[in-house]
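Listed here are the chains, written in short residue letters.
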Amino acid sequence: MNIALFGPPGAGKGTQAKELSNHYKIPHISTGDILRANVRDGTELGLKAKKYMDKGELVPDEVLIGLIRNRLTEPDCGQGYLLDGYPRTIPQADALSDILQDIKKPLDAVINIEVSDEELVKRLSGRRSCSCGESYHIMFNPPDKEGICDSCGAELYQRDDDREDVIRQRLAVYNEKTKPLIDYYDNAGLLVNVDGSGTVEAVFEDICRIMDQFK
Ligand code: ADP
Ligand code: AMP
């Protein structure tokens, strides 16, 4: 099953991808998580990426294209993959289609999670994240114990780019550079829209109905 989860920052891609990855036993590939791990580890890639991430800008295409090519050729992608946060530009999407042709794993669907801008701002400003990749919301999806990850027990933190001014910038970048991919994948016959405004469980069920077709 070869799927890309698509949508603006805060739509719920990471939240859904975690559950879907467990349910369908395919790897969750979040370029944001990979970049943040590199920032934490102080790698050359992390140092380069941080200055863009902190400002709510996209990291340059050539960096992301190399990163995703390496990740998709790892052995755990044999049964499929679940992309989250990639592609975000037309050049990234063109490169993805070349990579997927090379490894003979073309996309089955691009699932577009739709949420209003007003709701996105609420979701991002209340998000609390864990270095293990889990994310919570102080109101909508709180952990069992305040400030602690249910899954690994680590202390939760607020991402630097989840501050109101950076959130606005990320939404503007989404509208300018990423949203055009909706038409791109619609024209390719791969786009499926999902209403992302319901509960985490309701959105999960809707996505499973789509993904079950590709089992
Ligand atoms: P993305 O990966 O698309 O940027 P996340 O999955 O991190 O988004 O979700 C953003 C925030 O919204 C998180 O705090 C998450 O707990 C919360 N969230 C996710 N899905 C829902 C939902 N269906 N209803 C309410 N809050 C949600
Ligand atoms: P995310 O965790 O998906 O919200 O991504 C956090 C940040 O990482 C983004 O605001 C970008 O700076 C960077 N990033 C993640 N994925 C990409 C991508 N595909 N292209 C460019 N930058 C990315």
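For the structure itself, consult the block above.
The present account deals with the structure reproduced in this document. All chains use their own residue numbering, which begins from 1 and follows the written sequence. Ligands are numbered from 1 and chains lettered from A, in the order in which they are written. For this predicted model, a pLDDT threshold of at least 70 governs which residues receive local features, and a threshold of 80 or more governs which side-chain atom pairs are given and counted, while totals over whole chains, interfaces and linings are taken from all residues. Heavy atoms from the whole structure form the basis of all side-chain values; hydrogens and water molecules are not counted.

## Things to note about the site of ligand 1
Part 1 of the argument: Whether a residue is near a molecule or strand depends on its heavy atoms: if one lies within 4 Å, it is near. Close contacts around ligand 1 come from 18 residues, with Gly 10, Thr 15, Arg 127, Tyr 136 and Gly 198 the closest.
Part 2 of the argument: Taking Gly 198, its main chain carries an N or O atom lying 2.8 Å from a nitrogen atom of ligand 1.
Part 3 of the argument: Whenever two N or O atoms come within 3.5 Å, that pair is a polar contact, provided that in protein one can donate a hydrogen and the other can accept it, and provided that, for residues adjacent in sequence, both atoms are side-chain atoms. Separating a nitrogen atom of ligand 1 from a backbone N or O atom of Val 200 is a distance of 3.4 Å.
Part 4 of the argument: Working definition of accessibility: Shrake-Rupley area with a 1.4 Å probe, residue cover restricted to the visible protein chains. Burial of ligand 1 by the protein chains amounts to 93% of its free accessible area of 570 Å².
Part 5 of the argument: For the shell around ligand 1, the secondary structure elements donating two or more residues are helix 1 (13-24) and strand 6 (135-137).
Part 6 of the argument: Of the residues that constitute the shell around ligand 1, the class distribution is six nonpolar, nine polar and three charged. Only DSSP runs of H or I reaching four residues or more are called helices, and only runs of E reaching two or more are called strands; each is numbered from the N terminus. Residue polarity follows a fixed list, in which Ala, Val, Leu, Ile, Met, Phe, Trp, Tyr, Cys and Pro are nonpolar, Asp, Glu, Lys and Arg are charged, and the others, Gly among them, are polar.

## Focus on the site of ligand 2
Part 1 of the argument: Close to ligand 2 lie 16 residues, the nearest being Thr 31, Arg 36, Glu 57, Gly 85 and Gln 92.
Part 2 of the argument: Taking Arg 88, its side chain carries an N or O atom lying 3.0 Å from an oxygen atom of ligand 2.
Part 3 of the argument: Look at ligand 2: alone it shows 480 Å² of surface, and the protein chains cover 96% of it.
Part 4 of the argument: Ranked by residues supplied to the shell around ligand 2, first place goes to helix 2 (residues 31-41) with four residues.
Part 5 of the argument: Considering only residue class, the shell around ligand 2 consists of six nonpolar, four polar and six charged.

## Topic: helix 1
Part 1 of the argument: The first and last C-alpha atoms of helix 1 sit 16 Å apart over twelve residues, in line with the 16 Å expected at 1.5 Å per residue.
Part 2 of the argument: Here the term buried applies to any residue with accessible area under 20% of the maximum for its type, exposed to any over 50%, and partly exposed to those in between, with areas from a 1.4 Å probe on protein chains only. For helix 1, the full list of buried residues reads Lys 13, Gln 16, Ala 17, Lys 18, Leu 20, Ser 21 and Tyr 24.
Part 3 of the argument: Looking one or two places after helix 1, you find Lys 25, whose phi comes out positive at around 55°. Expected helix span is given by 1.5 Å per residue-to-residue step, counting one fewer step than there are residues.

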